[in-house]
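The residues making up each chain are set out below.
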Amino acid sequence: MSQLALVIDLNVCVGCHACVTSCKEWNTSGVAGALSDDRPYGEQPTGTFFNRVQTFEVGEYPNTETVHFPKSCLHCEDPPCVPVCPTGASYKREEDGIVLVDYDKCIGCKYCSWACPYGAREIDEHQKVMKKCTLCVDRIYDQNLPEAERKPACVLACPTSARLFGDVHDPESVVSKAIREEGGYQLMPEWGTQPANHYLPRRKTRIQIHMDELVRADNPLKKEGPTVKPGLDEPSLDDVTSW
Amino acid sequence: MHPAFSVIFLTTLIGVGQGLFLAIYTGEVYGTLDLLPAQSHNFYVTGSMLALIFLVAGLVASFFHLGHPERAWRSASQWRTSWLSREVIVLPAVIGAILVYGLVHLLGLKLTLFGFNTGLDNDLSLILGSGGTLVTFLLFLCTGMIYACIKFLKEWASPLTVINYTLLGLASGFLLAAALAAILAPALVQFYVVWTIIITISGLVTRIASLVRNARLKPQSNLKTAIGIRHGKIQQRSQGQMGGSFNTREFFHGAPDWFFRNIKWVFLVLVFVVPVILISLAMGNSGFLILVVAFVTQYIGLIAERWFFFAQANHPQNLYYQTVG
């Protein structure tokens, strides 16, 4: 069975909130009706969001790093919010592992939000039902969209490609490779919820250059004596075949 | 967690109703065994009525917790996995059982109705009452497990949660039964008062046990596991919003610190100390008024107890909502 998920690269995220706004825009325009958005330009603005970008400071000044941390529903493989729902409104889809809420069955008792350690669920104060990230289920299967656009709104919006989308059960998918090769990890592993969404850690990217690599050491023309260094406007040795 | 008064009233009111029914039925069983003087139907009917009033009031209070009360019927469907769903089934079962129990007493029905002659005056109500006792204890279990089954709310995830809900419900119910007996069945007052003291003191022991347990809890989650960055010093600079959200309203009690720190002394005095002193005074004489005062004091204390129960639970999601900025 496949399990769709997001992989979020904390090394790349710049904290621009584009995923937040595009998520809100897409999901407030859907068939489920508007997401609440009260006093957006007034005092104490509040509303329902499926996705938030938070900012953490790691380390002690001046040796600090700012980590921008996007947080949405993690679509756990063992979601604690699903079995507690008294009406069956909260469910996990067999076919793709997306955790969803049936807004027509939800009674708004908020018990599922208590049972989510990540705070991923937010009640809609106007519709009085629990809402959460749907992985844009109303868009990723839409045959009317070009295939490249059948991705969650947040993934498409990310200007730095910090968000990857795919099937974490398929070992060859882009997300599985990223998790495997870049040290992808889950949030709060201590509760055994097995979140499907993974995060890629901060990592230092350095290149190692030694002095002898700065000067060309090999001699492709097999000529004795020092090789001629081409002028700046001449083609380099690498382009020798194009002479 | 933010204490919701709908849930505070639900759990305390049905606790009184359940305890009262169990007290009445215990009195009837003792009466049948000739350990206590048997009472007229009137006492059992009035007791059942009073228990029903509390249970229905609790049920009504619970509807104020729902966003869509008109869909509440759906919540009986997931009894295989959800303790909340089980409570939704068992609560009406308790109400039904007590209603039938009261009606059997009101109409004086006996097993001869079905062709059996046991020679006992109250054989049918004894059988129905035992079924009522079973579902009543089941309801205590369901109510407690709703909270105890959430493993990462460590303040709740303990058998003590179920035990405290049961003992505190029983204590308030037996105390109300004592007050009722002071009018309708003076011979039973002593019995109920003694049991109220025993249960209240047991409840004090288990509630203090849970206070001690919770004071020693070490949170299993921290910012390191919450965002997955292994560093000793992590501080939140922004939670992604300026004006608060469901996450900041539902999971923080929002009361001033001094209030939170002192409320446990208030409920320990009101639920346990004051009622035990008052009903000890009432032991010699069957003082109705003093018992009612003791009951009201304890009930107010129970509201404070339940408020503290919710407020004390520290949800791991709060790690993500520490700083506005």
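All of these numbers come straight from a predicted model, not from anything done at the bench.

(A) The overall build of chain B, seen in detail. Within chain B, the secondary structure is distributed over 10 helices and one strand. The order of helices and strands in chain B, counted from the N terminus, is α-α-α-α-α-α-α-β-α-α-α. Oriented by its inertia axes, the alpha-carbon framework of chain B measures out at about 75 × 45 × 30 Å. Considering chain B as a whole, with its 325 residues, one finds that 56% of them fall into the buried category. In chain B, the proportion of contacts linking residues at least 24 apart, taken out of those at least 6 apart, comes to 81%. Taken as a whole, chain B presents about 13700 Å² of accessible surface, with 70% of it coming from carbon and sulfur. Treating the 19 positive side-chain charges of chain B as one cloud and the 10 negative ones as another, the clouds have centres 22 Å apart.

(B) Spatial organisation of the packing of aromatic side chains. The full count for this structure, using the stated rule, is 34 aromatic pairs over all chains. Put simply, the rings of Tyr111(A), Trp114(A), Tyr147(B), Trp156(B), Tyr165(B), Phe309(B) and Phe310(B) pair up and form one aromatic cluster. The ring of Phe49(A) carries the charged tip of Lys24(A) above its face, separated from the ring centre by 4.1 Å. Over the aromatic face of Trp83(B) sits the side chain of Arg86(B), whose NZ or CZ is 4.4 Å from the ring centroid.

(C) Geometry of the pattern of salt bridges. Residue and element names in this part refer to chain A. Summed over the entire model, instances satisfying the criterion amount to 18 salt bridges over all chains. The partner of Lys-24 in a salt bridge is Asp-37, and the shortest N-O contact between them spans 3.7 Å. Pair noted here: Lys-24 is in helix α1 (residues 18–28) and Asp-37 is in strand β2 (residues 37–38), with a separation of 13 residues, a long-range link. The buried category is assigned to Lys-24, whose relative accessible area is 11%. Taking the relative accessible area as the measure of exposure, Asp-37 reaches 39% and is therefore partly exposed. Several salt bridges share partner residues, and in doing so they unite Asp-9, Glu-182 and Arg-203 into one network.

(D) Just the sheet that holds strand β1 (residues 4–9) of chain A, in detail. All names here are of chain A. Taken in spatial order, the three strands line up as β10-β1-β11 in an open sheet, and their pairing is mixed. The open sheet has two edge strands, β10 (163–167) and β11 (198–200), and neither has a second partner. When strand polarity is set aside, the average angle formed by the axes of neighbouring strands in this sheet is 25 degrees. The pairing of β1 with β10 spans five bridges and is antiparallel. Opposite Ala-5, over in β10, you have Gly-166 as the bridge partner. Relative to β10, helix α4 (residues 174–182) is tilted by about 115 degrees, and along the sheet it contacts β1, β10 and β11.

About the criteria used
- Residues numbered from 1 in each chain as written.
- Chains lettered and ligands numbered in written order.
- Predicted model: local features only at pLDDT ≥ 70, side-chain atom pairs only at ≥ 80, totals over all residues.
- Heavy atoms only, no water.
- Helix = DSSP H or I, 4+ residues; strand = E, 2+ residues; numbered from the N terminus.
- Buried < 20%, exposed > 50% of the residue type's maximum accessible area, 1.4 Å probe, protein only.
- Contact = heavy atoms within 4.5 Å.
- Areas by Shrake-Rupley, 256 points an atom, 1.4 Å probe, with all protein chains shown as cover.
- Lys, Arg positive; Asp, Glu negative; His and termini not counted.
- Charge placed at Lys NZ, Arg CZ, Asp CG, Glu CD.
- Phe/Tyr/Trp six-rings, centres within 6.5 Å; stacked < 30°, edge-to-face > 60°.
- Lys NZ or Arg CZ within 6 Å of the ring centre and 35° of its normal.
- Salt bridge = Lys/Arg side-chain N within 4 Å of Asp/Glu carboxyl O.
- Pairing = 2+ DSSP bridges.
- Axes fitted to C-alpha atoms, helices over the stretch in contact; angles between N-to-C directions.

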